[in-house]
Amino acid sequence: MPTTLEHSAPSVPQAPSDVATKFHLSLNVANLDSAIGFYRVLMGVAPAKCYPDYAKFEMSDPPVVLSLEPQRHAAGGALNHLGFRVPTSAALVDMQHRLEAAGIATHREEGVECCYARQTKFWVKDPDQNLWEVYVLEADTDHRGQGSAVAPVGKGDAHPPAAEANAPDSSSPETTWEHHLGHAFPAAIPLQDGSADRVYLRGTFNAVLTADEQAKILEESRRVLRPGGRVVIHGLAADAPLTGPAPQLPGPAAGVRRAPAPDALIDALRAANFTAIRLLKLSATSVFRHEGIGLREILIEGVKLDSTPFDLRQVVQYQGPFREVTDDFGNLFPRGQRKSIATPAVEALRGGPTADSFLFFPPGGES
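This is a predicted model, so every value here is computed, not measured. (Residues numbered from 1 in each chain as written. Predicted model: local features only at pLDDT ≥ 70, side-chain atom pairs only at ≥ 80, totals over all residues. Heavy atoms only, no water.)

When helices and strands are tallied, the protein shows six helices and 20 strands. For the protein, the residues scored as buried account for 44% of the 367 residues in total. Contacts in the protein between residues at least 24 apart in sequence constitute 63% of all its contacts with a sequence separation of at least 6. Looking at the protein as shown, the accessible area adds up to about 19100 Å², and 53% of this sits on carbon and sulfur atoms. (Helix = DSSP H or I, 4+ residues; strand = E, 2+ residues; numbered from the N terminus. Buried < 20%, exposed > 50% of the residue type's maximum accessible area, 1.4 Å probe, protein only. Contact = heavy atoms within 4.5 Å. Areas by Shrake-Rupley, 256 points an atom, 1.4 Å probe, with all protein chains shown as cover.)

Next up on the list: the pattern of salt bridges. Scanning the model with the defined rule gives 13 salt bridges in all. Between Arg 230 and Glu 301 there is a salt bridge, with the nearest N and O atoms lying 2.7 Å from each other. Separated by 71 residues along the polypeptide, Arg 230 in strand E12 (residues 225–238) and Glu 301 in strand E15 (residues 293–303) bring together distant segments of the chain. Across the pair Glu 297 and Lys 281 runs a salt bridge whose closest N-O atoms are separated by 2.8 Å. Within this pair, whereas Glu 297 is found in strand E15, its partner Lys 281 is found in strand E13 (residues 275–282), the two being separated by 16 residues in sequence. (Salt bridge = Lys/Arg side-chain N within 4 Å of Asp/Glu carboxyl O.)

Attention now moves to empty space enclosed by the protein. Rolled over the atoms, a probe with the dimensions of a water molecule shows which regions are left empty. Under the defined criterion, the tally for this structure stands at one cavity of 30 Å³ or more. Space inside the largest cavity adds up to approximately 40 Å³. For the largest cavity, the full set of lining residues is Gly 203, Phe 205, Asn 206, Ile 233, His 234, Gly 235, Leu 236, Pro 260, Leu 265 and Ile 298. Residue contributions to the lining of the largest cavity peak at four residues, all from E12. Residues that form the lining of the largest cavity fall into these classes: six nonpolar, four polar and no charged. (1 Å grid on protein atoms, 1.4 Å probe; cavity = no way out; pocket = protein on both sides within 12 Å on 5 of 7 lines; lining within 4 Å. Points joined across faces, edges and corners; volume = space filled by probe spheres on them. Nonpolar A, V, L, I, M, F, W, Y, C, P; charged D, E, K, R; others polar.)

We now examine helix H6 (residues 343–350). Taken across its eight residues, H6 has eight buried, putting it largely inside the fold. Restricting attention to buried positions, one finds in H6 the residues Thr 343, Pro 344, Ala 345, Val 346, Glu 347, Ala 348, Leu 349 and Arg 350.

All right, on to the confidence of the model for the protein then. Across the protein, pLDDT averages 79, with 81% of residues at or above 70. Helix H4 (residues 211–224) holds the highest mean pLDDT among the elements of the protein, 95, whereas helix H3 (residues 162–166) holds the lowest, 37. With pLDDT under 50 throughout, residues 1–15 is counted as low confidence; its partners more than four residues away or in other chains account for 35 contacts. Across residues 148–172, confidence stays below pLDDT 50; counting only partners more than four residues off in sequence or on other chains, it has 37 contacts. (pLDDT = per-residue confidence, 0-100.)

All right, on to the side chain of Gln 119 then. As for its placement among the helices and strands, Gln 119 is situated in strand E8 (residues 117–125). With relative accessibility at 5%, the residue Gln 119 sits in the buried group. Side chain to side chain, Gln 119 and Lys 121 meet in a polar contact 2.8 Å long. Not counting residues within four places of it along the chain, the set of residues in contact with Gln 119 comprises Glu 109, Glu 110, Gly 111, Val 112, Cys 114, Glu 133, Tyr 135, Val 136, Leu 137 and Glu 138. (Polar contact = N/O pair within 3.5 Å; in protein donor to acceptor, adjacent residues only side chain to side chain.)

Let's shift gears to the sheet that holds strand E3 (residues 49–51). Read from one edge of the open sheet, four strands run E2-E5-E4-E3, paired in mixed fashion. Two strands bound the open sheet, and with one partner strand each, they are strand E2 (23–29) and E3. Between one strand and the next, the sheet's axes are offset by a mean angle of 15 degrees, whatever the strand orientation. (Pairing = 2+ DSSP bridges. Axes fitted to C-alpha atoms, helices over the stretch in contact; angles between N-to-C directions.)

With that settled, consider the packing of aromatic side chains. Across all of its chains, the model carries seven aromatic pairs by this definition. An angle of 80 degrees between the planes, with centres 5.6 Å apart, marks the rings of Trp 177 and Phe 185 as edge-to-face. With a relative accessible area of 21%, Phe 185 lands in the partly exposed category. Taken together, the ring pairs connect Phe 38, Tyr 39, Phe 84 and Trp 132 into an aromatic cluster. The cationic tip of Arg 222 hangs over the ring face of Phe 274; the distance from NZ or CZ to the ring centre is 5.9 Å. (Phe/Tyr/Trp six-rings, centres within 6.5 Å; stacked < 30°, edge-to-face > 60°. Lys NZ or Arg CZ within 6 Å of the ring centre and 35° of its normal.)

Residues Leu 27, Tyr 39, Leu 66, Leu 68 and Trp 132 are the most contacted members of the largest nonpolar core, which totals 31 residues. Elements with a minimum of two residues in this core: E2, helix H1 (32–43), strand E4 (54–60), strand E5 (63–70), strand E6 (82–85), helix H2 (89–101), E8 and strand E9 (131–140). Broken down by element, the residue count for this core peaks at eight residues, all from H1. Those residues in contact with Leu 27 that sit more than four places away from it in its chain are Tyr 39, Leu 66, Ser 67, Leu 68, Glu 69, Leu 82, Asp 126 and Asn 130. (Core = buried A, V, L, I, M, F, W, Y, C linked by side-chain atoms within 4.5 Å.)

Next up on the list: the sheet that holds E6. Reading across the sheet, the four strands line up as E6-E9-E8-E7 and stay open at both edges, with mixed pairing between neighbours. On the outer flanks of this sheet lie E6 and strand E7 (107–114), each paired with one strand and no other. Each adjacent strand pair in this sheet contributes to an overall mean axis angle of 25 degrees, direction not counted. Here nine bridges tie E8 to E9, and the two strands are oriented antiparallel to one another. Bridge pairing in E9 links Ala 117 to Asp 140. Strands E6, E8 and E9 of the sheet are contacted by H1, whose axis makes an angle of about 20 degrees with E9. The strands that H2 touches are E6, E7, E8 and E9; relative to E8, the one it contacts most, it runs at about 15 degrees.

Below, the structure written as structure tokens:
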């Protein structure tokens, strides 16, 4: 969803603060604001310059100057990929966690043999589909390896780089898992920690469940979701608590034994540490009636946004139309006032339906 960045005003040019030689890279980008949002997380710093037609990041470690130019560009070209070699496994984990905590998907490879070396790495694509590799060198080898970013090609071949096939692709299917009413919920969802984009619970909460069972279902769903992943609850919700016998409904709804109120589902998601909770659908008319109480189709989602020790706090400003609003992190936004909030809350606002109601100021450039 589009957002608006306030760009810094031109200032008097200053002499360089250091004399070290730095690698300079300039990228054409389709959307400057989206590119700034990605690179401020990847680089871990705010842009040194931020204008409506230009942005620049400057880093001392590694010594890089990255410029972003909002210009049309052709896909492909001579560029294979970009990247960083970091000194330790801890640095690799920190950078990957920073991206994942901001909802940016990465693809990790452990101990892969690549480019005459053994490396552990992850891949990530920027909004313009430029491929970035971040790796730690474990050992040199005397053979190229199968994980090379540059695949050996014969004359006339047009094979893509080998790493491109393994790298995250925005066009590839999401990793999802579903549970349906009438099936036992497993003790453990058969997915690795932090590997799923979506978990769908279809009718799950229309079974008879204790509070502990509900909590365990949401806890297990949260375990398999990546940061930024979403749990989606679909089923029937009641206009008021049902106190009598279980409903006897026709057709596909015959398995429904209870129908929680919408606010009960919201409370359960909050208790399981899901944030940015959205009521995607609540049917305007009752689908069924039981003991005079309306049962409506409901679709509700919650987002897994972890707190992280890496925090690029950012200033936002709520534009209205309401006098004030509050997010799931407890941040209060009075209309027209600037507020500095933490990275997970920023990403929740950027990815939510009210993003157009906020101004997002560049990190470090709000004064």
